[in-house]
Amino acid sequence: MNTTDSKTIILEGAPAAKSIVDDLSQKIKKYIAAGKRKPGLAVLLVGNDEASEVYVKNKILACNEIGIHSHLQRFDSNADKAKIIKALSELNSDDTIDGILLQLPLPSHLPSEEILSAISPNKDVDGLHPYNLGLLFAARIGLQPCTPKGIMALLAYYQIPIKGKHAVVVGRSNLVGKPVAAMLLQKDATVTICHSRTVNLPAICKEADILVVAAGQKQLVDKNWIKPGACIIDVGIHRQTDSNSKTKIVGDVVFDEVKSIAGHITPVPGGVGKMTVAMLMANTVAAYEQHLGIQ
Ligand code: NAD
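Now for a look at the structure at hand. Within any chain, residue numbers begin from 1 and follow the written order of that chain's sequence. Local features are withheld for residues below a pLDDT of 70 in this predicted model, meaning they are given only at 70 or higher, and side-chain atom pairs are given and counted only at 80 or more; totals for whole chains, interfaces and linings count all residues. Side-chain measures here rest on the full set of heavy atoms in the structure, leaving out hydrogens and waters.

Here's the deal with the layout of surface pockets
Put simply, the rule reads: Cavities and pockets were defined on a 1 Å grid built from protein atoms only: a cavity is a group of points that admits a 1.4 Å probe but offers it no way out, a pocket is an open group of points flanked by protein on both sides within 12 Å along at least five of seven lines, and a lining residue is one with an atom within 4 Å of any such point. Grid points are joined across faces, edges and corners, and a volume is the space filled by probe spheres set on the points. Helix and strand assignments come from DSSP, with helices taken as H or I runs of at least 4 residues and strands as E runs of at least 2, each series counted from the N terminus. As a working rule, the residues Ala, Val, Leu, Ile, Met, Phe, Trp, Tyr, Cys and Pro are called nonpolar, Asp, Glu, Lys and Arg charged, and the rest polar, with Gly in that last group.
Of the volumes computed, that of the second largest pocket is approximately 380 Å³. The wall of the second largest pocket is formed by 16 residues, among which I141, G142, L143, A286 and Q290 lie closest to the centre. For the lining of the second largest pocket, the secondary structure elements donating two or more residues are helix 5 (130-137) and helix 10 (272-292). When its residues are assigned to classes, the lining of the second largest pocket shows eight nonpolar, six polar and two charged.

In structure tokens, the structure reads:
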């Protein structure tokens, strides 16, 4: 845990992610020692989007580090829907594959929702199949989206109280906004979901005890939007090039301003992103345990 001059606690993802990944690594070692096969994750990458290449590389590295067998399948950026669905269908019936991840976003000619629905729900380690999203909203056990699950694990690791708090979520995507709102609700927060058509967004954010910003808008939230002492979770990831042509990663929140007012704040990079990868590993191991009938 890190603090700034004003005693704001910086919610670093690394220690929280490490504790999760270390536990998973121990579990996998135990299973292998007992004669079981390795967990298997298939990653499908369509096209050559620069950011997606980096995310996929990090996911495969994480698999290698903890003993998950990973299998990368690449498709040209002009690949058609039928080809990807055929590959998914083969992976669905492959007994050595426990998890299937389709790296998003897909090229614009491809129907993401339809293709995601072709992944078997019990291998859907990104938790984006409508079946798994339905389980989440019904507060039942299923595979849950990695970034929202990572946010909840980060809050738990740093023992941020949720019950009875006002949580404001900015963003209503299936990937982040809606699922994290459902998870906060399950932990007894009073949740407000905001989006691009919300009126008086800064005033609503200023009422938040916990503010999750997943708008995908670079540096949207400044210090005037923050209740003193609030916990700020910044999900945004944006590349920014300065006047010296140096690139850095920034979030949806103006970190340097907001950190002097917030009680807790995630850094970008190094906050939520680390947790997303750890949760992908956790979901893959959970799917593996389910396939092998391990309790
Ligand atoms: P998205 O574009 O699918 O959804 C953005 C949401 O924000 C929409 O619901 C939209 O209504 C809302 N929105 C847009 N502009 C707004 C505004 N000005 N005011 C209020 N609401 C606004 O994006 P997403 O997939 O949910 O991702 C959001 C951000 O999180 C992106 O920057 C993305 O790169 C990042 N992300 C990070 C991780 C991670 O691991 N850290 C994972 C997933 C996404």
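Now that the structure has been shown, the text picks up again.
A short note on the site of the ligand
Just so we agree on the cut-off: Nearness here has a simple test: a residue counts as near a molecule or strand if at least one of its heavy atoms is within 4 Å of that partner. Between N or O atoms, a polar contact is any pair within 3.5 Å; within protein, one atom must be a potential hydrogen donor and the other a potential acceptor, and residues adjacent in sequence are included only when both atoms are from side chains. Shrake-Rupley sampling with a 1.4 Å probe provides the accessible areas, and residues are treated as covered by the protein chains on show and by no other component.
The local shell around the ligand holds 22 residues, among which R172, S173, H195, V235 and T276 are the closest. One of the backbone N or O atoms of H195 is found 3.4 Å from a nitrogen atom in the ligand. Within the side chain of T276, one N or O atom sits 2.8 Å away from an oxygen atom of the ligand. Here the ligand has 850 Å² of accessible area as a free molecule, and 72% of this is covered by the chains. Counting residues per element, the shell around the ligand draws most heavily on helix 10, which supplies three residues. Its residues placed into classes, the shell around the ligand shows 10 nonpolar, 11 polar and one charged.

Here's the deal with the pairing of strand 9 (residues 231-234)
Short version of the rule: When a residue's accessible area, from a 1.4 Å probe over protein chains only, is under 20% of the maximum for its type it is buried; when over 50% it is exposed; and in between it is partly exposed. By definition, two strands form a pair when at least two bridges between them are found by DSSP.
The two faces of strand 9 match: C231 and I233 on one face and I232 and D234 on the other face are all buried. Of the strand pairs in this sheet, strand 8 (residues 210-213) and strand 9 are connected by four bridges, and their pairing is parallel. Residue pairing for strand 9: I210 is matched across the bridge by C231. As paired strands, strand 9 and strand 12 (residues 264-265) are joined by two bridges and run parallel to one another. Bridge assignment links I232 to a residue of strand 12, and that residue is I265.

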